[in-house]
Amino acid sequence: MTSSGTPGSHREANLEKTGVGEYRLGVKGLTGEDGGLYRCRVRAFVKKEGLSAGGGGRWQMTAEKSSTPVTVKVSEIKPNFTLSLKATQKPSRASEPTELVCNVTDITRLPPGGRLAVSWEHVGLPGNDGPHQIGYLDGNGNVFPGKDYDDTLKKGLMSLSRMLPSASVKTSEYRSSPLTVDASVKTSEYRSSPLTVEWDTKTPALNVAAKRIREASVGGATFEMSCTVTTENLAGWTSYAVTVESQDDLKSNVRTVMSLNPDNEVQYGETDPNRRDNLVLTKSGPAEFRFRLAGVQLSDRGFYWCNVTAFTKQQLEQTWTRAAQSQSNTVKIDFQENGPSFAIAIRSDASSVYPWETAKIECSLSISGSSPKTDDLSYEVSWFFTRLRGGQLTARVATLDRFGVVRKVHRNSSSDVSIERRDTNSYQLNIYGTQDRDSGEYHCMATPWYLSASTGAWTEAGELTSGRVFISVKFAVWDSLKFPLLYGAAASLGVGLFSVLLGLLCAHCCCRNTTHTPRSHNKLMNFGMD
């Protein structure tokens, strides 16, 4: 008969009959806890006939005896091995990798199926608490991080592995503590000698220098600066997060213009979305960055600098770890908005015209200083007229507003006017069918409008008044008399011809030939004779 013993135990008990009145108990898998006194108990049973309801009889105990106890001592044979801990890679500064190898050699008395489990512990330098368990590698090769090192293991900053059947490797700066186990019961524990891992604890540092590349001296110009980073005590893969910040003055709030993360992705800060195309932040070198702001405005004046954070990692697949941070010196954008200057002039292609001809008067404008773009400039132009030279009383002739709409003033003249834009800064007044009453002095007035590069808004400049030109409509004698004379001659000729024709017609009707009638001898007179 075989029994597994108590639930959860690994003992195997075997009870068998070896002869008449002889029995044997065999137990496998004894441990030190199984030592003690053992005895056997024997009970004798006989069968009584006719006592059972079915008539078959039943067994009845007739005697019971126990043997003298026997002392059993279980001697445990603990596994034995040798531990050695060495550093195959030591750091010389912070953030550099470390590799520690724990070798298990000279293994003896390891039970069949027994395995090794290894835990790693860290004891800080004097003044720090410890030990702290970093990680645990069980007999099946499963890795379990310590409670404070779960994120470190997940980020790939630490690894535990079994290189050889007798070696376990931990990539970190701690010592190991192997445990020898069988299926689930710890039989012995050995601790390696501590291995001290030290390095020069120099703090990583950055130095950031900003300098002006392009100066914006007027509104609408481009500002550009560079930020160069120098490092100390940084190891491994290095990248930078750069943030461009600005401040109107030393007492105002700091605002973020734009930033670049360690993966060179751009993000915009407190910036007008309509002006984001004017902002550029790029990595121009291994440790150099350039910021450019095109079309500066008055609101852009102030101090600018770079805020740089260095990140490191030891392997490409790892995540970035912050190492150091620094801020550069400031670079100032400062300019005065004077705006463009305008001038106006007027001229006419002829100082005198004949009646019914077209008079042309041109009004030209010129720009000096910061010249706006063509699409960022418009004018409101008006023409005025006075009959007398130097007269103060003027009348508006026509106006072209800055949106291109023409408004003409009603005039007591049969002539008509139009306004023609000849180019960006030149406008012409045309007077069609001139008459004598169109003679006089003409001048123009213009109001420039421009899109200010400093404010981004349309700005009205001062009103400009040109000089005066005199237009004379000539009076020609022949031109004034030729039509009346022609009309008179034609009328006289017509009347004479009509008179002749009328006389001929009358003569023809009144002077016709008649037949002679002889006088009658009667004494009566013919009334027709009378």
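- In the nomenclature of an unreviewed UniProt entry, the protein chain corresponds to Prostaglandin F2 receptor inhibitor from the organism Nothobranchius rachovii.

Examining the overall build of the protein chain
- Each helix and strand counted, the protein chain has two helices and 38 strands in total.
- Residues counted as buried form 32% of the 530 residues belonging to the protein chain.
- Counting contacts in the protein chain only where the partners sit at least 6 residues apart, residues at least 24 apart contribute 56% of the total.
- Summing over all exposed atoms, the protein chain offers an accessible surface of approximately 33800 Å²; the carbon and sulfur share of this is 51%.

Things to note about the pattern of salt bridges
- Evaluation of the coordinates by the stated rule reveals 13 salt bridges.
- Between Arg 255 and Asp 248 there is a salt bridge; the shortest N-O distance is 2.9 Å.
- Residue Asp 248 is classed as partly exposed on the basis of its relative accessible area of 41%.
- The salt bridge partner of Arg 275 is Asp 300, with a shortest N-O separation of 2.8 Å. Pair noted here: Arg 275 is in the loop between β21 (266–268) and β22 (279–285) and Asp 300 is in the loop between β23 (288–293) and β24 (302–313), with a separation of 25 residues, a long-range link.
- One salt-bridge network, held together by shared partners, links Arg 41, Arg 43 and Glu 64.

Some thoughts on the nonpolar core
- Met 225, Tyr 240 and Phe 291 are the most contacted members of the largest nonpolar core, which has 31 residues in total.
- Secondary structure elements with two or more residues in this core: β17 (205–214), β18 (223–232), β19 (237–247), β20 (255–260), β22, β23, β24 and β26 (331–333).
- Grouped together as the second largest cluster of nonpolar side chains are 30 residues, Val 353, Cys 363, Val 381 and Val 417 included.

Topic: the packing of aromatic side chains
- Applying the stated rule across the entire model yields nine aromatic pairs.
- Taking 6.5 Å as the distance between ring centres and 65° as the angle between the ring planes, the aromatic pair formed by Phe 223 and Phe 291 counts as edge-to-face. With a gap of 68 residues between them, Phe 223 in strand β18 and Phe 291 in strand β23 connect regions that are remote in the sequence.
- Taking the centre distance of 6.2 Å and the plane angle of 80° together, the rings of Tyr 240 and Phe 289 count as edge-to-face. In this pair, Tyr 240 sits in strand β19 while Phe 289 sits in strand β23, placing the two residues 49 residues apart along the sequence. Per residue, the accessibility class of Tyr 240 equals that of Phe 289, and both read buried.

Some remarks on the state of the cysteines
- Enumeration according to the criterion identifies two disulfides in this entry.
- One disulfide bridge connects Cys 227 with Cys 306, the sulfur atoms lying 1.9 Å from each other. Because the torsion about its S-S bond is 80°, the bridge between Cys 227 and Cys 306 counts as right-handed. On the criterion of sequence distance, the pair formed by Cys 227 in strand β18 and Cys 306 in strand β24 is long-range, its members being 79 residues apart.
- Judged by its relative accessible area of 0%, Cys 227 is buried.
- The class of Cys 306 is buried, set by a relative accessible area of 2%.
- The disulfide partner of Cys 363 is Cys 444, and the gap between their sulfur atoms is 2.2 Å. Taking the sign of the S-S torsion, 75° for the link of Cys 363 and Cys 444, the bridge is right-handed. Residue Cys 363 is located in strand β29 (residues 359–368), and its partner Cys 444 is located in strand β35 (residues 440–451); the two are separated by 81 residues in the primary sequence.
- Note on Cys 363: relative accessible area 0%, which makes it buried.
- The connectivity of the disulfide-linked cysteines in the protein chain, indexed sequentially, is 1-2, 3-4.

Digging into a nonpolar patch on the surface
- A contiguous nonpolar patch, built from Leu 15, Tyr 23, Leu 25, Val 27, Leu 30 and Tyr 38 and spanning about 560 Å² of accessible area, is present on the exposed surface.
- With respect to the element layout, Leu 30 can be found in the loop between β3 (22–28) and β4 (36–38).

Looking at the sheet that holds strand β34 (residues 426–432)
- Taken in spatial order, the four strands line up as β27-β29-β34-β33 in an open sheet, and their pairing is antiparallel. Where the open sheet ends on each side, the last strands, each with one partner, are β27 (341–348) and β33 (416–423). Strand-to-strand, the axes of this sheet are offset by a mean angle of 20°, without reference to chain direction.

Describing the side chain of His 443
- For His 443, the position within the fold is in strand β35.
- Beyond its immediate chain neighbours, meaning those up to four positions away, His 443 contacts Ile 346, Ser 382, Trp 383, Phe 384, Thr 394, Thr 465, Ser 466, Gly 467 and Arg 468.

What about the sheet that holds β18?
- The four strands lie next to each other as β17-β18-β23-β22, forming an open sheet whose pairing is antiparallel. Of all the strands in the sheet, just β17 and β22 have a single pairing partner and so form its edges. For this sheet, the mean angle separating the axes of adjacent strands, direction not counted, is 20°.
- Here six bridges tie β22 to β23, and the two strands are oriented antiparallel to one another.

How each quantity is defined
Residues numbered from 1 in each chain as written. Predicted model: local features only at pLDDT ≥ 70, side-chain atom pairs only at ≥ 80, totals over all residues. Heavy atoms only, no water. Helix = DSSP H or I, 4+ residues; strand = E, 2+ residues; numbered from the N terminus. Buried < 20%, exposed > 50% of the residue type's maximum accessible area, 1.4 Å probe, protein only. Contact = heavy atoms within 4.5 Å. Areas by Shrake-Rupley, 256 points an atom, 1.4 Å probe, with all protein chains shown as cover. Salt bridge = Lys/Arg side-chain N within 4 Å of Asp/Glu carboxyl O. Core = buried A, V, L, I, M, F, W, Y, C linked by side-chain atoms within 4.5 Å. Phe/Tyr/Trp six-rings, centres within 6.5 Å; stacked < 30°, edge-to-face > 60°. Disulfide = S-S within 2.5 Å. Patch = residues over 30% accessible without salt bridge, like charges linked within 9 Å, V, L, I, M, F, W, Y side chains within 5 Å. Pairing = 2+ DSSP bridges. Axes fitted to C-alpha atoms, helices over the stretch in contact; angles between N-to-C directions.

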